[in-house]
Amino acid sequence: MDRLLGVMTVASLLLIGLVLASVRREHIRVEYSISWLVAGLALLVLSLWKSLDQRIALALKIPDLAVTLLTVCGVLFLGVLFAFSLRLSQLKDSSIKLAQRVAILEYRLESLAVESAPNTAPMRADAAGAYGTRAKMGQSVR
Amino acid sequence: MVLIPAYNEEGAVASVVEEVRAVVPDATILVVDDCSEDHTVREAQRVGASILPLPHHLGLGGCVQAGYRLAFELDFNYVIRVDGDGQHDPQDIPVLLRALQQENCEMVIGSRFLNADNPRRALWRGGWCRALGISLFRSILRPILGRPVSDPTSGFVGVNRKALDVFSRAFPLEYPEIEALVVLQRRRFRFLEVPCRIRERRAGKSSITAIKAFYFPVHVLLGVFVNVLLFPGSRIWRILRK
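Residues numbered from 1 in each chain as written. Chains lettered and ligands numbered in written order. Predicted model: local features only at pLDDT ≥ 70, side-chain atom pairs only at ≥ 80, totals over all residues.

1. With respect to the overall build of chain B
Stated formally: What counts as a helix is a DSSP run of H or I of at least four residues, what counts as a strand is a run of E of at least two, and both are numbered from the N terminus. Neighbour density around each residue's C-beta defines its exposure: 20 or more other C-beta atoms within 10 Å make it buried, 12 or fewer make it exposed, and counts between make it partly exposed, where C-beta atoms are placed from the backbone. With C-beta atoms placed from the backbone, a contact is any residue pair whose C-beta atoms sit within 7 Å.
Helices and strands together make up the secondary structure of chain B, namely ten helices and seven strands. Per-residue burial over chain B gives 47% buried out of 242 residues. Sequence separation of at least 24 residues holds for 73% of the intrachain contacts in chain B that already meet a minimum separation of 6.

Below you can see the structure in the form of structure tokens.
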């Protein structure tokens with residue numbers, strides 16, 4: 001048991017050190033490091049405070065201290081992973097909206113450029129096509 | 001507008017655009033390029049298509065939704081989606097358009113199985129994996145939609161402005177065809193299937209790889225059930241909101 005706690009202490013210190021180093025090198029933004037630092041500190045506390053582990057084991061009615069520790073660690077990291085999954089999903093949604101908006105703006109900008117310079121050769125063969133044929137398409141399909 | 005989502009379709013996109021133009025010469029043909037790594041954009045430009053170039057790869061749903069958004073913003077009333085690989089026959093576009101205009105429905109699906117001489121053989125022609133998937137989705141969608149749907153994975157679809165409004169705001173991002181049906185049904189929109197021809201893909205390769213073939217049903221089923229259980233207005237949604 002003491003060996004497990006020792007490994008946990010080293011692992012949590014390594015985690016905290018790694019996160020702090022990554023923040024310093026700006027590989028992780030401060031706001032995203034907090035979850036990991038809290039998880040690392042919680043691990044450190046659990047590994048150093050044996051009586052707390054015993055109390056948790058008693059509360060959870062798990063007879064084996066090692067299993068209790070692994071359960072607590074698992075729950076802790078699942079929480080962190082879930083929080084990041086939420087954040088990742090939000091970021092993906094934002095990134096898709098942004099990419100679509102950029103593409104639409106680029107399309108409209110190029111169409112305007114072609115419309116405002118009718119005598120020059122169009123950069124894209126049918127760049128103003130959507131605007132030009134919209135009325136016709138509207139008539140034919142309404 | 002005829003919307004052609006394309007990703008690495010340099011071998012087929014030009015002929016698809018030309019065929020579409022021959023059938024509906026007045027329509028705007030928009031190729032939405034999902035950040036292809038080949039010369040898809042150049043080929044589409046060469047034959048005079050409008051290009052909506054996405055700055056990075058979004059996948060089929062994000063790509064189609066970008067086209068729907070643009071069409072909605074440009075006040076188009078009808079959009080027909082045709083795949084860029086040449087599998088859909090543009091000769092069927094007027095059939096879809098006519099159904100959209102006359103049948104009082106929000107979405108029309110081109111089905112390869114309706115009016116097929118032998119529907120069962122047509123189903124198995126695409127391979128056992130695809131046939132099993134389509135059969136599974138048919139049986140799951142039937143009670144949800146309250147009616148049978150013969151070709152739930154068809155990408156040959158037409159939508160009117162009401163559906164465009166919905167899809168430009170909310171559209172499934174991966175494997176969107178099946179989930180889109182549920183999204184429409186939840187809003188009490190109607191869809192119709194019309195028979196269409198499906199040809200062999202002219203170039204490129206399918207995005208459904210062996211691994212994705214197993215991931216695809218799981219992803220779609222999850223999306224369908226989430227849409228069914230948690231659409232705004234459902235009992236579970238109201239409970240969660242409280």
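Continuing now.
2. Considering the overall build of chain A
A count of helical and extended segments in chain A gives five helices and zero strands. Beginning at the N terminus, the succession of helices and strands in chain A can be written as α-α-α-α-α. Put simply, of all contacts in chain A between residues at least 6 apart along the chain, 46% involve residues at least 24 apart.

3. Notes on the sheet that holds strand E5 (residues 107–111) of chain B
Sheets are built from strands that pair by backbone hydrogen bonding, the pairs being arranged parallel or antiparallel. All names here are of chain B. Our working rule: If DSSP finds at least two bridges between two strands, the strands pair. Each axis is a line fitted through C-alpha atoms, taken for helices only over the stretch in contact, and angles between the N-to-C directions span 0 to 180 degrees.
Read from one edge to the other, the open sheet built from seven strands follows the order E3-E2-E1-E4-E6-E5-E7, with strand pairing classed as mixed. The sheet is open, and its two borders are formed by strand E3 (50–53) and strand E7 (191–195), each paired with just one other strand. Each strand of the sheet is rotated relative to its neighbour by a mean of 25°, with strand direction disregarded. Judged from the two bridges that link them, strand E1 (residues 2–6) and strand E4 (residues 78–81) form a sheet pairing that is parallel. The partner of Val 2 across the bridge, within E4, is Ile 80. This element, helix H3 (residues 59–73), spans E1, strand E2 (29–33), E3 and E4 of the sheet and lies at about 150° to E1. Packed on one face of the sheet, helix H4 (residues 93–102) meets E1, E4, E5, strand E6 (157–160) and E7 and runs near 145° to E4.

4. A few points about the environment of B:Asn160
Residues and elements named next belong to chain B. Within the fold, Asn 160 resides in strand E6. For Asn 160 and Ser 139, which are 21 residues apart along the polypeptide, the C-alpha to C-alpha distance reads 27 Å. If we ignore the near neighbours within four places in the chain, the residues touching Asn 160 are Asn 77, Tyr 78, Leu 100 and Glu 106.

5. A short note on the pairing of E6(B)
Residue and element names in this part refer to chain B. Because side chains alternate across E6, one face comprises the buried residues Val 157 and Val 159, and the other comprises Gly 158 and Asn 160, equally buried. Pairing between E4 and E6: four bridges, direction antiparallel. Its bridge partner lying in E6, Arg 81 is registered against Val 157. In terms of strand pairing, E5 meets E6 through three bridges, oriented antiparallel. Bridge assignment links Ile 109 to a residue of E6, and that residue is Val 157.

6. Concerning the nonpolar core
This is how the line gets drawn: To form a nonpolar core, buried Ala, Val, Leu, Ile, Met, Phe, Trp, Tyr and Cys residues must be joined through C-beta atoms within 7 Å.
Judged by nonpolar contacts, the single largest core of 72 residues is most densely connected at B:Val2, B:Leu3, B:Ile4, B:Val17, B:Val31, B:Val32 and B:Val79. A total of seven residues in this core trace back to one element, the largest contributor, which is H3(B).

7. Some thoughts on the environment of A:Ile62
All names here are of chain A. Checked against the element boundaries, Ile 62 lands in the loop between helix H3 (50–60) and helix H4 (65–116). For Ile 62, a count of 16 C-beta atoms within 10 Å corresponds to the partly exposed category. Along the chain, Ile 62 and Lys 92 lie 30 residues apart, while their C-alpha atoms are 40 Å from each other. In this structure, Ile 62 is in contact with Ala 57, Val 67, Thr 68 and Thr 71, ignoring residues within four places of it in sequence.

8. Focus on helix H1 (residues 13–23) of chain B
All names here are of chain B. Cut-off, in case you're wondering: The arc in question is formed by the directions pointing from the helix axis toward the C-beta atoms.
Along H1, the residues classified as buried are Val 13, Ala 14, Val 16, Val 17 and Val 20. For H1, the buried positions fall inside an angular range of 165° around the axis, keeping them on one side. For H1, the secondary structure elements touched by its buried residues are E1, E2, helix H2 (40–46) and H4.

9. Here's the deal with the packing of H3(B) against helix H7 (residues 161–169) of chain B
Residue and element names in this part refer to chain B. Which entries qualify depends on this criterion: Orientation categories follow fixed angle ranges, with anything under 35 degrees roughly parallel, anything over 145 roughly antiparallel, 65 to 115 roughly perpendicular, and all other angles oblique. Take the far helix as your reference; a near helix turned counterclockwise from it by less than a right angle gives a left-handed crossing, and one turned clockwise gives a right-handed crossing.
Their axes nearest at 8 Å, the elements H3 and H7 cross at an angle of 130°. Here H3 is positioned oblique relative to H7, judged by the angle of their axes. Considering how the two elements wind past one another, H3 and H7 form a crossing that is left-handed. Judged by residue contacts, Gln 65, Tyr 68, Arg 69, Ala 71 and Phe 72 of H3 engage Leu 164, Asp 165, Phe 167 and Ser 168 from H7.

10. Details of the confidence of the model for chain B
Put simply, the test is: As a per-residue measure, pLDDT tells how confident the predictor is, with possible values from 0 to 100.
The pLDDT averaged across chain B works out to 85; a share of 89% of its residues lies at or above 70. Reported for the predicted complex are a pTM of 0.78 and an ipTM of 0.79.

11. Section: the packing of helix H1 (residues 2–24) of chain A against helix H2 (residues 30–48) of chain A
Residues and elements named next belong to chain A. We count it as follows: Amino acids outside the nonpolar list (Ala, Val, Leu, Ile, Met, Phe, Trp, Tyr, Cys, Pro) and the charged list (Asp, Glu, Lys, Arg) are all regarded as polar, and Gly is one of them.
H2 packs onto H1 with a crossing angle of 160° between their chain directions and a minimal axis gap of 8 Å. By the angle between their axes, H1 is roughly antiparallel relative to H2. Along this stretch, H1 crosses H2, giving a crossing that reads as left-handed. Contacts between H1 and H2 involve Leu 5, Met 8, Thr 9, Ala 11, Ser 12, Leu 13, Leu 15, Ile 16, Val 19 and Val 23 on the former and, on the latter, Val 30, Ser 33, Trp 36, Leu 37, Gly 40, Leu 41, Leu 43, Leu 44, Leu 46, Ser 47 and Leu 48. Of the residues contributing to the contact of H1 with H2, the split by class is 16 nonpolar, five polar and no charged.

12. Concerning the pairing of E5(B)
Residue and element names in this part refer to chain B. Among the five residues of E5, five are classified as buried, and the element is accordingly described as predominantly covered. Going residue by residue along E5, you find Met 107, Ile 109 and Ser 111 tucked away on one face and Val 108 and Gly 110 tucked away on the opposite face as well. In terms of strand pairing, E5 meets E7 through five bridges, oriented parallel. The residue bridging Ser 111 from the neighbouring strand is Pro 195, located in E7.

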